[in-house]
Amino acid sequence: MLDRLQSLEDRYDRLNELLSDPDVINDSKRLREYSKEQSDLQETVAAYREYKEASQQHKDAKAMLEEKLDDEMYEMVKEEIDELTDRKEELEARLRILLLPKDPNDDKNVIVEIRGAAGGDEAQLFAGDLYKMYSRFAEAQGWKVDVIESTTTELGGFKEIIFSVNGAGAYSKLKYENGAHRVQRVPTTESGGRIHTSTATVAVLPEAEEVEVEIHDKDIRVDTFASSGPGGQSVNTTMSAVRLTHVPTNTVVSCQDEKSQIKNKEKAMKVLRARVYDKINREVQAEYDQNRKLAVGTGDRSERIRTYNFPQSRVTDHRIGLTIQKLEQILQGKLDEIIDALIVEEQAEAMQRAED
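Remember, it's a predicted structure, so these values are computed and weren't measured experimentally. (Residues numbered from 1 in each chain as written. Predicted model: local features only at pLDDT ≥ 70, side-chain atom pairs only at ≥ 80, totals over all residues. Heavy atoms only, no water.)

Caption draft 1: Representation of the environment of Trp143 within the structure. Topologically, Trp143 is positioned in the loop between α5 (121-141) and β2 (144-152). When the C-alpha positions of Trp143 and Ser164 are compared, they lie 9.9 Å apart, and in sequence the two are 21 residues distant. If sequence neighbours within four positions are ignored, Trp143 has contacts with Phe137, Ala138, Val165, Asn166, Gly167, Ala168, Gly169, Ala170, Lys173 and Leu174. Separated by 3.2 Å, the side chain of Trp143 and the backbone oxygen of Ala168 make a polar contact. (Helix = DSSP H or I, 4+ residues; strand = E, 2+ residues; numbered from the N terminus. Contact = heavy atoms within 4.5 Å. Polar contact = N/O pair within 3.5 Å; in protein donor to acceptor, adjacent residues only side chain to side chain.)

Structure below.
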């Protein structure tokens, strides 16, 4: 581990030199690549340097015990050694986590798709609750949410809502939301007071750059139509809404949220690229996932991942058996406790695999 950490520090120092090189500064592509690589290494290198400093201090303190010390000084040095031993162990554990393979999509923006599933009106209302929950969580992280496409219902829910979340590390946290979310509560439309169970599905796609997935114009069919509101009521007499079909994968994306056809096409293209990229990634991972299932799930959108139980004010994440009696706070976007637990579980499994 230490040899690998030293090589990473050497590479970090080399990148600092390269980023000062006039040839690199004048080459935007290389400058961007080296800056990204340096940024990715920064936390690991900083922790390694702190570890080396603590190790040297530990060594020096142990050497002092070989000298003639009075009782008071001896106890002080022993106390310092104990503190440095604990610090070294903490840093070693942190470095092991930092050295785990990183998901290449973790730093990306995301496209989130929420759809009401089983449960009719109640499922669509719950889809709206999930959208609000993620919007509040994103706001707390300092991320920007932008609605791309939505189909609302008369009761204020969503048959479907697609939105982007832009911000550092958005995918690294929101990727755990992939799957079916179940709600148990008395619907506002239910006069008898019976508890209903409904579901909504969530898909979280990493936003793909043009260089990551090549989509040719000849492979895209573009249709335009007039946008409409709930129940088919026309809200725009111009042909501003856009439907893109990627013929090779039969991937279809519509967007009518903007008044401008050009802006709708740009948004739809962003979603289309993300879906095609996601499809390619899933095909590559398919065989791997058959042989191993993560403790936090496969990410399959048909997999029930979480239950929101209103009568008991609890939320249960079924992947790790975590139950929290904080339903209202979670629906207000306070998802950190759940997401942090999922991250820890995934890291623990990855460390176990590395040891095996």
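Resuming the write-up.
Caption draft 2: A look at the nonpolar core. Ile114, Leu130, Tyr134, Phe163, Val165 and Tyr308 are the most contacted members of the largest nonpolar core, which totals 35 residues. When contributions to this core are tallied by element, the ones reaching two or more residues are β1 (110-116), α5, β3 (158-166), α6 (170-174), β5 (196-206), α8 (327-331) and α9 (336-355). Ranked by residues supplied to this core, first place goes to α5 with 8 residues. Ranked by size, the runner-up nonpolar core spans 19 residues in total, among them Ile162, Val213, Ala268 and Ala274. (Core = buried A, V, L, I, M, F, W, Y, C linked by side-chain atoms within 4.5 Å. Buried < 20%, exposed > 50% of the residue type's maximum accessible area, 1.4 Å probe, protein only.)

Caption draft 3: Just the sheet that holds β5, in detail. Taken together, the 8 strands give an open sheet; going across it, the order is β2-β3-β1-β5-β4-β9-β10-β11, and neighbouring strands pair in mixed fashion. With partners counted over all chains shown, the strands left at the sheet margins are β2 and β11 (322-324), one partner each. In this sheet, adjacent strand axes meet at a mean angle of 15° when their direction is disregarded. As paired elements, β1 and β3 share 6 bridges and run antiparallel to each other. Across the sheet, Glu113 pairs through a bridge with Ile162, a residue of β3. (Pairing = 2+ DSSP bridges. Axes fitted to C-alpha atoms, helices over the stretch in contact; angles between N-to-C directions.)

Caption draft 4: Looking closely at the pattern of salt bridges. For the coordinates displayed, the defined rule picks out 25 salt bridges. Two residues, Arg11 and Glu37, come together in a salt bridge whose shortest N-O distance is 2.8 Å. Of the two residues, Arg11 is situated in helix α1 (residues 2-18) and Glu37 in helix α3 (residues 28-64); the sequence distance between them amounts to 26 residues. The shortest N-O distance in the salt bridge between Asp106 and Lys175 comes to 2.9 Å. Taken together, the residues Asp106 in the loop between α4 (71-98) and β1 and Lys175 in the loop between α6 and β4 (179-185) connect sequence positions 69 residues apart. A relative accessible area of 11% means that Asp106 is categorised as buried. What you see here is one network of salt bridges that share partners, running through Glu9, Asp13, Arg49 and Lys52. (Salt bridge = Lys/Arg side-chain N within 4 Å of Asp/Glu carboxyl O.)

Caption draft 5: Region of the structure containing the pairing of β4. When you tally the buried positions in β4, you get 7 out of 7 residues, the bulk of the element. Direction of pairing for β4 relative to β5: antiparallel, over a ladder of 7 bridges. Bridge pairing in β5 places Arg185 opposite His196.

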